[in-house]
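Observations on the model geometry
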Amino acid sequence: MMRRTVFLMAVAVLLAGCQSDITPVIECVPDKGLTPICGFQNPEDLAAIPDSKWLIVSQFGSMNGTKLGNLALFDRIEELLRPVFPNGEGGVEPGWGDADCPGVPGKSFSPHGLDLMQLADGRWRLAVVNHGSRESVELFEVVNEEPLPRIIWRGCAVGPDDAYFNDVVILADGGFLVTHMMPKSAELLGTLKGLLGMDTGHVLHWSATEGFRQVAGTEAPFPNGIEISDDEEVLFLNVYMGNEVRKIRRSNGELLAKVEVVRPDNITWGSDGRLLVASHVDGLSELVACQNLARGACGFAFEIVALDPGSMSPTTLLSHRGAPMGAATVAVQIGTRLYLGSFAGDRIVYAELAP
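Residues numbered from 1 in each chain as written. Predicted model: local features only at pLDDT ≥ 70, side-chain atom pairs only at ≥ 80, totals over all residues. Heavy atoms only, no water.

**Focus: the pairing of strand 9 (residues 136-143)**
Of all 8 residues in strand 9, 7 are buried, a share of seventy percent or more. As judged from the 7 bridges shared by strand 8 (residues 124-130) and strand 9, these two strands associate in the antiparallel manner. What sits directly across from Val129, in strand 9, is Val137. Examined bridge by bridge, strand 9 and strand 10 (residues 150-158) share 8 bridges and lie antiparallel to one another. Its bridge partner lying in strand 10, Ser136 is registered against Val158. Connecting strand 9 to the antiparallel partner strand 10 that follows it, the hairpin turn spans 6 residues. (Buried < 20%, exposed > 50% of the residue type's maximum accessible area, 1.4 Å probe, protein only. Helix = DSSP H or I, 4+ residues; strand = E, 2+ residues; numbered from the N terminus. Pairing = 2+ DSSP bridges.)

Below you can see the structure in the form of structure tokens.
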């Protein structure tokens with residue numbers, strides 16, 4: 001009886017979320033230590049190209065792929081945004097990913113999480129979760145040249161049946177780890193299970209020789225952001241509906257540590273060796289309402305939490321609600337500046353940290 005009551009409460013939360021309304025943030029002016037830059041489309045994830053002025057931006061469409069998006073390059077100095085895929089400017093050179101990749105996704109592209117890493121041969125590989133015409137991880141080569149870096153589509157790995165990806169991290173051998181949130185065909189049921197604290201998904205490892213396989217010890221209620229240690233022995237997993245970040249030994253799935261963080265979204269390495277986690281601290285009804293924005297930005301409350309990768313002790317670097325932007329999904333540190341993206345809205349913001 002108690003389980004049924006909790007289930008009905010979860011349904012009520014979802015219904016309340018669908019009926020909620022928010023006042024969008026329209027003005028694009030600095031406020032409360034945050035400086036906005038507008039003209040984006042749901043810049044859900046960001047990655048900095050090292051030794052350059054460029055950020056790669058995943059301009060999110062929708063989870064079900066019906067609304068399309070693109071990859072863009074943002075010039076941090078001139079504060080200019082330029083979409084670069086799928087307009088084809090960078091070129092198409094197949095050869096990475098699965099041998100049976102059906103080809104370039106073209107305009108049917110709805111990017112989500114992304115990761116950029118330099119491989120042993122010196123080339124830079126970009127992996128991007130795609131919800132467009134297929135549930136896949138698209139692979140690109142990033143060539144940092146003047147006046148504009150080239151983003152070359154190199155291949156893909158289409159997910160297993162009913163895969164529903166979120167974030168990805170590249171491995172040194174060219175493989176990757178990707179979070180599988182829940183079965184795509186059972187999104188409502190998966191969400192309800194997650195609200196009840198039940199496991200809904202896991203992490204998948206992809207390699208060119210073995211394809212996709214589940215990583216032991218990663219079952220969780222809505223796995224979201226993911227990062228990995230330099231030696232690739234330890235992965236850090238954001239458990240969105242479990243309100244925690246887990247530290248897991250990759251070889252055997254041993255849970256090494258965990259720390260409470262409210263609805264952790266993406267996770268990145270900061271320049272001081274700590275992990276930066278975007279945490280959503282407003283209610284679920286407000287979160288759902290943010291997805292229905294027609295213009296402007298969402299003021300949904302968030303925090304940026306820094307974690308010591310050894311002890312997993314947390315430090316809140318930034319706590320914010322309202323203008324000029326809420327609903328931060330990712331923090332990328334460049335020097336003493338934090339760039340923040342969002343899944344809902346027309347802008348990114350940056351904040352200056354104390355040296």
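**Examining the side chain of His205**
For His205, the location among the structural elements is in strand 13 (residues 202-207). Once residues lying within four places of it in the same chain are set aside, the contact partners of His205 are Leu171, Phe176, Leu177, Gly211, Phe212, Arg213, Val215 and Arg250. (Contact = heavy atoms within 4.5 Å.)

**Overview of the sheet that holds strand 14 (residues 211-214)**
Remark on secondary structure: sheet strands pair via backbone hydrogen bonds, oriented parallel or antiparallel. Strand order in this open sheet of 4 strands is 11-12-13-14, and the pairing throughout is antiparallel. Bordering the open sheet on either side are strand 11 (165-170) and strand 14, each of which pairs with just one other strand. In this sheet, neighbouring strand axes are inclined to one another by 25° on average, regardless of whether the strands run parallel or antiparallel. Two elements, strand 12 (residues 176-180) and strand 13, share 5 bridges in a ladder whose sense is antiparallel. Across the sheet, Phe176 pairs through a bridge with Trp206, a residue of strand 13. (Axes fitted to C-alpha atoms, helices over the stretch in contact; angles between N-to-C directions.)

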